[in-house]
Amino acid sequence: MNAILSFYNLETLLQNERLINHTEQVLVKVNALHLSVKEDETTQRNYIITDDETYFNAFVGTTAKVTKELSELKTLLKDNKQQTVRVNQLQQSIESRLRLFNQGIAIFHQEGFEAAQNYIRQGNGLKIMQQIDVTIAQIEDTENALLSARTNQSINSANRTYATILIETLCNVFLIFIIYYLVKRELEYRNTMEKRKDEFISIATHELKTPITSLQVFAQILQKKLHEKGDQQSKLYSERITKQVTRLTELINDLLDVSRLQLGKLKFEKTAFDLNHMVREVVESLKQTTDNHTITIKGKIKKSVYGDEDRITQVMINLLSNAIKYSPNGKKIIITLKNELRFATVNVQDFGIGISDEHKTHVFERFYRAYGESEKNFPGLGMGLFISQEIMRRHRGKLGFTSKEGKGSTFFFSMPYAKSEKSKA
Ligand code: ADP
């Protein structure tokens, strides 16, 4: 609506400007014509008085000029009926004056200077000149009135245009403010909901931990008792219970870590420790979970590293259990320990399914799973790498990988050495 109004006002403004321009052109032309007519009259008079050929030639030039300017004025005023009538009157007066002059010349040539002077003294030429002055004044008055009316109109439309633009700008500012306010409110609402959700997960997982821990303990006791009794069937069942409860505990721990990370509550207790020992322990314990893989360790870290051993163990478990999980047909897993200048690096290489290029940039995202729902063979919730990456970031370390779909992946983590520790042999 505002845009239409602005357009309309601007259009009127431009139209008025065109009309004002036209009126000014008419006034200039009328003025020029008036001067030319006077000049023409003077040269006529001079010629009759002096009989000097120079004046006659000048008179021919000024008459032609008057004719030309009159015709231009006619064209300019052709749309205005009242002014056209006056221009026609003007034309008649100019023609009468020319006729009068021709008669004067004829008298001058036939009867002499005296007779011509008497003819001029009759004052007919003067009357026609007065008539011409009056008509020109009328034309000028009408044009001046038009000019002032159009100027006023122009000022009004300019004011209206400014007012519309001002209102439009204010409306836009108001609109932007409203949008900003709504977006801000929506974002705040989302942030609050997100925070509430994280807090809920944190509390819920914490609450779940207590009964699960009891379940784990009782399942282990049950397993031991059944073992003592020699009831093989029941012992098998209780082993399955223990395994599932362990899996449940791991999931709950991961969920708890994710929510702690989101809330900035993940704590680290850093000390100097032996990475070789930690890696060996993890390998030993995860070997129990697979019959298909041979896991070899190559190399040795020569210095102690500095970090939260439990959290780094968590990263190692994540990388090695992924290597096992995502290489169902690959037998080998190679762990390489490398001493770099400022970091100790652990590579975990598998020869499994690998990761396609389209998934590579996402695997560290929270809850991201490259194979999604469709891949039921690989259970998981997409939390491990997200947590591991955050753990390494908080150690000023690094977590990364290279991978080729169908060929396998090498995940690695690097962490700083402990400062005071001396190099180990
Ligand atoms: P989860 O294994 O529980 O799904 P992770 O965060 O540990 O969660 O891993 C995220 C995703 O990265 C996995 O779903 C998997 O698609 C991919 N991934 C991780 N490690 C490997 C690996 N060694 N080989 C192939 N894909 C992997």
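For the structure itself, look to the data block above.
Keep in mind the model is a prediction, meaning the values are calculated, not measured. (Residues numbered from 1 in each chain as written. Predicted model: local features only at pLDDT ≥ 70, side-chain atom pairs only at ≥ 80, totals over all residues. Heavy atoms only, no water.)

Quick one: what's the story with the layout of surface pockets, residue by residue and with numbers?
In this structure, the second largest pocket spans a volume of roughly 260 Å³. Taken together, 13 residues line the second largest pocket, and the ones lying closest to its centre are Glu41, Arg45, Leu100, Ile120 and Gly125. Among the secondary structure elements, those contributing two or more residues to the lining of the second largest pocket are helix 1 (2-50), helix 3 (81-111), helix 4 (113-121) and helix 5 (124-229). For the lining of the second largest pocket, the element with the most residues is helix 1, which contributes four residues. For the lining of the second largest pocket, a count of residues per class yields six nonpolar, four polar and three charged. (1 Å grid on protein atoms, 1.4 Å probe; cavity = no way out; pocket = protein on both sides within 12 Å on 5 of 7 lines; lining within 4 Å. Points joined across faces, edges and corners; volume = space filled by probe spheres on them. Helix = DSSP H or I, 4+ residues; strand = E, 2+ residues; numbered from the N terminus. Nonpolar A, V, L, I, M, F, W, Y, C, P; charged D, E, K, R; others polar.)

Tell me about the pairing of strand 4 (residues 332-339), and name the residues and values.
Pairing between strand 2 (residues 294-298) and strand 4: five bridges, direction parallel. Residue Thr296 lies in a different strand from strand 4, and its bridge partner there is Ile334. With seven bridges connecting them, strand 4 and strand 5 (residues 343-350) associate as antiparallel partners. Along strand 5, the bridge assignment pairs Ile334 with Gln349. (Pairing = 2+ DSSP bridges.)

I'd like a description of the site of the ligand, backed by residues and values.
Taken together, the neighbourhood of the ligand is formed by 20 residues, with Asn322, Tyr326, Asp350, Arg369 and Leu385 sitting nearest. In this structure, an oxygen atom belonging to the ligand sits 2.8 Å away from a side-chain N or O atom of Asn322. The contact in question runs from an oxygen atom of the ligand to an N or O atom on the side chain of Lys325, over 3.0 Å. A total of 530 Å² of accessible area belongs to the ligand in isolation, and the protein chains cover 97% of it. When contributions to the shell around the ligand are tallied by element, the ones reaching two or more residues are helix 8 (309-325), helix 10 (384-394) and strand 7 (408-416). Sort the elements by how many residues they give to the shell around the ligand and helix 8 lands first, with three residues. By residue class, the composition of the shell around the ligand is 10 nonpolar, seven polar and three charged. (Near = heavy atom within 4 Å. Polar contact = N/O pair within 3.5 Å; in protein donor to acceptor, adjacent residues only side chain to side chain. Areas by Shrake-Rupley, 256 points an atom, 1.4 Å probe, with all protein chains shown as cover.)

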